[in-house]
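Residue strings, one per chain:
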Amino acid sequence: MAVAFRGGRNGVGSGLRSFFSYRIFISALFSFLFLATFSVVLNSSRHQPHLDHTLPRTFQSDPLKTRLDLIHKQATDHLTLVNAYAAYARKLKLDASKQLKLFEDLAVNFSDLQAKPGLKLENGNAIEEDAFRQIEKEVKDKVKTARMMIVESKESYDTQLKIQKLKDTIFAVQEQLTKAKKNGAVASLISAKSVPKSLNCLAMRLVGERISNPEKYKDAPFDSAVEDPSLYHYAVFSDNVIAVSVVVRSVVVNAEEPWKHVFHVVTDRMNLAAMKVWFKMRPLDRGARVEIKSVEEFKFLNSSYAPVLRQLESAKLQKFYFENQAENATNIKFKNPKYLSVLNHLRFYLPEMYPKLNKILFLDDDVVVQKDVTGLWKINLDGKVNGAVETCFGSFHRYGQYLNFTHPLIKESFNPNACAWAFGMNIFDLNAWRREKCTDQYHYWQNLNEDRSLWKLGTLPPGLMTFYSKTKSLDKSWHVLGLGYNPGVSMDEIKKAAVIHYNGNMKPWLDIAMNQYKSLWTKYVDNEMEFVQMCNFGL
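Within every chain, residues take consecutive numbers counted from 1 along the sequence as written. Residue-level local features of this predicted model are given only where pLDDT is at least 70; pairs of side-chain atoms are given and counted only at 80 or more, and the full residue set underlies all totals for whole chains, interfaces and linings. Hydrogens are left out, water is left out, and the side-chain values use all remaining heavy atoms of the structure.

Identification of the chain as Hexosyltransferase from Brassica campestris is taken from an unreviewed UniProt entry. UniProt positions are given in the numbering used here, feature names are shortened, and annotations may be inferred rather than shown by experiment. What UniProt states about the chain under its Sequence similarities (unreviewed entry) heading is, verbatim, "Belongs to the glycosyltransferase 8 family."

Draft legend 1. The overall build of the chain, seen in detail. Each helix is a run of DSSP H or I of at least 4 residues and each strand a run of E of at least 2, with the numbering of both proceeding from the N terminus. Counting its secondary structure elements, the chain contains 19 helices and ten strands. Here's how the labels work: a residue is buried when its accessible area is under 20% of the maximum for its type, exposed when over 50%, partly exposed in between, all with a 1.4 Å probe on protein chains only. Burial status across the chain gives 40% buried among its 539 residues. Note on contacts: a residue pair qualifies if any of its non-hydrogen atoms lie within 4.5 Å across the two residues. Summarising the internal contacts of the chain: among those between residues at least 6 apart in sequence, 75% fall at separations of at least 24. Of the roughly 30,800 Å² of accessible surface on the chain, 56% is carried by carbon and sulfur atoms. Here the open area of atoms and residues is found with the Shrake-Rupley method and a 1.4 Å probe, where only the protein chains shown may cover a residue.

Draft legend 2. Spatial organisation of unusual backbone geometry. The phi dihedral of H397 falls on the positive side, at around 55 degrees, and the residue is not glycine. Along the chain, the position of H397 falls in the loop between β6 (386-388) and α13 (408-413). Using a relative accessible area of 28% as the deciding quantity, one classes H397 as partly exposed. Positive phi, close to 55 degrees, is recorded for K437, a residue that is not glycine. Relative to the elements of secondary structure, K437 occurs in the loop between α14 (430-436) and α15 (438-448). Accessibility expressed as a relative area gives 54% for K437, which makes it exposed.

Draft legend 3. A look at the packing of aromatic side chains. Note on ring pairs: Phe, Tyr and Trp rings are taken, using the six-membered ring of Trp, and paired if centres are within 6.5 Å. Classes follow the plane angle, with under 30 degrees stacked, over 60 edge-to-face and the rest tilted. Scanning all chains against the criterion turns up 25 aromatic pairs. Note on W421 and F423: the rings are 5.0 Å apart at their centroids and 85 degrees apart in plane angle, and the pair reads as edge-to-face. Since its relative accessible area comes to 9%, F423 is described here as buried. Note on criteria: charge over ring means Lys NZ or Arg CZ within 6 Å of the ring centre, with the direction from the centre no more than 35 degrees off the ring normal. Against the face of F423 rests R347, its NZ or CZ located 4.8 Å from the ring centre.

Draft legend 4. Main features of the nonpolar core. Joining through side-chain atoms within 4.5 Å is the link that ties buried Ala, Val, Leu, Ile, Met, Phe, Trp, Tyr and Cys residues into a set, and such a set is a nonpolar core. Core analysis: the biggest nonpolar cluster contains 64 residues, and L202, L363 and V373 have the highest contact counts within it. For this core, the element with the highest residue contribution is helix α7 (residues 241-254), accounting for nine residues. Leaving out residues up to four positions away in the same chain, V373 has contacts with Y234, L361, W478, A498 and V499. Listed in part, the 44 residues of the second largest apolar core include A306, L312, F428 and M465.

Draft legend 5. Representation of the packing of α7 against helix α8 (residues 269-281) in the model. Every axis in this analysis is a line fitted to C-alpha atoms, fitted for helices over the stretch in contact. Angles between the N-to-C directions lie between 0 and 180 degrees. One way to put it is that α7 packs onto α8 with a least axis distance of 10 Å and a crossing angle of 40 degrees. One element, α7, and the other, α8, form an angle in the oblique class. Two packed elements cross with a definite hand, and for α7 against α8 that hand is right-handed. Along its contact with α7, which presents V241, I242, V244, S245 and V248, the element α8 presents A274, M275, W278 and F279. Three categories are distinguished: nonpolar for Ala, Val, Leu, Ile, Met, Phe, Trp, Tyr, Cys and Pro, charged for Asp, Glu, Lys and Arg, and polar for the others, with Gly belonging to the last. Of the residues that constitute the contact of α7 with α8, the class distribution is eight nonpolar, one polar and no charged. Throughout, the term roughly parallel applies to angles under 35 degrees, roughly antiparallel to angles over 145, roughly perpendicular to angles from 65 to 115, and oblique to all others. Each crossing gets its hand from how the near helix is turned against the far one by less than a right angle, where anticlockwise is left-handed and clockwise is right-handed.

Draft legend 6. Focus on empty space enclosed by the protein. Using a 1 Å grid laid over the protein atoms alone, points where a 1.4 Å probe fits but cannot get out form a cavity; open sets with protein on both sides within 12 Å along at least 5 of 7 lines form a pocket; any residue with an atom within 4 Å of a point counts as lining. Grid points are joined across faces, edges and corners, and a volume is the space filled by probe spheres set on the points. Tallied over the entire structure, the rule returns two cavities of 30 Å³ or more. Lining the second largest cavity are L301, V308, L309, V342, H345, L346 and Y349. Looking at the lining of the second largest cavity, its residues break down into six nonpolar, one polar and no charged.

Draft legend 7. The packing of helix α6 (residues 197-212) against α8, seen in detail. Following both chains from N to C, one finds α6 and α8 inclined at 80 degrees, their axes separated by 8 Å at the closest point. In this view, α6 runs roughly perpendicular relative to α8, as classed from their interaxial angle. Residues L202, A203, L206, V207, E209 and R210 of α6 touch α8, and the partners they reach there are N271, A273, A274, K276, V277, W278 and M281. Its residues assigned to classes, the contact of α6 with α8 shows nine nonpolar, one polar and three charged.

Draft legend 8. Fine view of the pattern of salt bridges. Take a side-chain nitrogen of Lys or Arg and a carboxyl oxygen of Asp or Glu: if they are within 4 Å of each other, that pair is a salt bridge. Tallied over the full model, the rule gives twelve salt bridges. Two residues, K218 and E215, come together in a salt bridge whose shortest N-O distance is 3.0 Å. Accessibility assignment for this pair places K218 and E215 in one class, exposed. Note that R347 and D364 form a salt bridge whose closest N and O atoms lie 3.8 Å from each other.

Draft legend 9. Layout of α15. All of the buried residues along α15 are C438, T439, Y442, H443, W445 and Q446. Contacts made by the buried residues of α15 are with α9 (307-313), α12 (350-353), α13, α14 and α16 (460-466).

Draft legend 10. Fine view of the layout of surface pockets. Here the second largest pocket is characterised by a volume of approximately 640 Å³. Of all the elements in the fold, those that place two or more residues in the lining of the second largest pocket are α8 and β3 (289-294). Counting residues per element, the lining of the second largest pocket draws most heavily on β3, at five residues.

Draft legend 11. Focus on the confidence of the model for the chain. One number per residue, pLDDT, summarises how confident the predictor is, and it ranges from 0 to 100. Per-residue confidence for the chain gives a mean pLDDT of 82, with 73% of residues at or over 70. Of the regions scoring below 50 in pLDDT, residues 1-12 engages in zero contacts with residues more than four places distant in sequence or in other chains. Of the regions scoring below 50 in pLDDT, residues 326-330 engages in ten contacts with residues more than four places distant in sequence or in other chains.

Draft legend 12. Local environment of the environment of I410. Mapped onto the elements of the fold, I410 is located in helix α13. On the basis of relative accessible area, I410 is assigned to the buried category, the value being 0%. Apart from residues no more than four positions distant in its own chain, I410 is found in contact with L403, N404, F405, L454 and M465.

Draft legend 13. Representation of the state of the cysteines in the model. Cysteine sulfurs are considered disulfide-paired once they come within 2.5 Å of each other. This structure, assessed with the given rule, holds two disulfides. Here C201 pairs with C535 through a disulfide, and the sulfurs are 2.1 Å apart. Taking the sign of the torsion about the S-S bond as the criterion, the disulfide between C201 and C535, at about -75 degrees, is left-handed. Of this pair, C201 sits in helix α6 while C535 is found in the segment after α19 (530-534), placing the two residues 334 residues apart along the sequence.

Draft legend 14. Fine view of the pairing of β3. Criterion used throughout: strands pair if DSSP finds at least two bridges between them. With six bridges connecting them, strand β2 (residues 261-267) and β3 associate as parallel partners. Bridging from a neighbouring strand, F263 pairs with V290 of β3. Throughout, right-handed denotes a crossover for which the path from the first strand over the helix to the second runs clockwise when the strands point away from the viewer. A crossover links β2 with its parallel partner β3, the connecting element being α8, and its sense is right-handed.

This is how it looks when you write it as structure tokens:
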């Protein structure tokens, strides 16, 4: 046991000595390696300046190279852009254009720049500062020129820009067109509704003739023919002497039996004398008769009986028509003085004005009769009150265009798609009118429209309401309209018409009349009448 213990202790001591010897060896080795490495680093730092002078610039951080690369990229990009615009110009067949030549020349200049040896370094060669600055200046000048050309040409090649500019141009033109139309409408209305100098001259000379020769122009005795229901009776309401004379003369000239025709002319007090003198100086041929009265002679027409007269006299209505309100500023029709004329509303009182007549043909003063119209009295109206030509086609000239169908009473009483018809040539069955109490119906609607909530203006809307389901449609050849505004009315249609109507602003007695239709009216003007010659009518 004692021997064994001693032997184990000696073994442990020997192992410890070996372990410490190994650690000392490793420590010495690492110390040597550290010293060697440190020596190398010191030697490298000491010799670095010498290496700086021998290495090429391209292997160092050179700021000129970065700028050179940027300039090269700019030149390449703008060359591509210039070539693209040049190609597009060729595609648009602009080969002879100045723009194409400029783009092609600029592309060549960019190509020449890129071919310069200093713009792109190869094989690690360095670039001198002065040469670099010269190249930089040339590239920037060409880039600036390219950008200016592209900005100038972009409008021609950029589709979106062209579309936007076209839209802007269209909008501006539309604004100008709207303004021109409005100004034209105002000028047209002034021309149409102002009394021409020649017409005023004629009225003044006729009145002067009456004053100079009062005995010569005394009223003729009563003629019972004006109340004879077996004759053909016409109603013409106007303050225009020359227009009335043409209407009456055209009927008489084309009538087969003119001695059976009686004309009832109603005018205002101011023009009564002139109207009477005209027909006294130029009596109707072939036995036709004319009765001339003023509105004031019909005593039943007063504001207590006729609501329209009460409304016409109100300051509120006149303010509505003639003041520059937002509601009527966009509609030039509101400036038309005829809407405040009593003569314009007399058509709704025909049975009361002519109580002994059975039928009467109502004619506007801007019509011309081209044929014998006695056939109208022979048409069976099937118990209807009004015989008229319908004007609707497609969605145009329907009741919905004339009446306010947002009003519940209008919506309940009428069909918005019902076909409208025309005033200007209407054959009225006065007995049926009295039976249907149409005047009462007219008063009913006129009273309800005092605030203009049913319709805005004119006599056609209340006519459509008064004679709703009481109108007989006539053949269109009886009455052709549009000669006062529509240059597209065909001459074939006009030749077949019994009555042609110059409805619109271009009346045939005005300078603004359409020349292609004017002669159809002027041929019935009595040019032998001395005052017509003296007043220089532009016929």
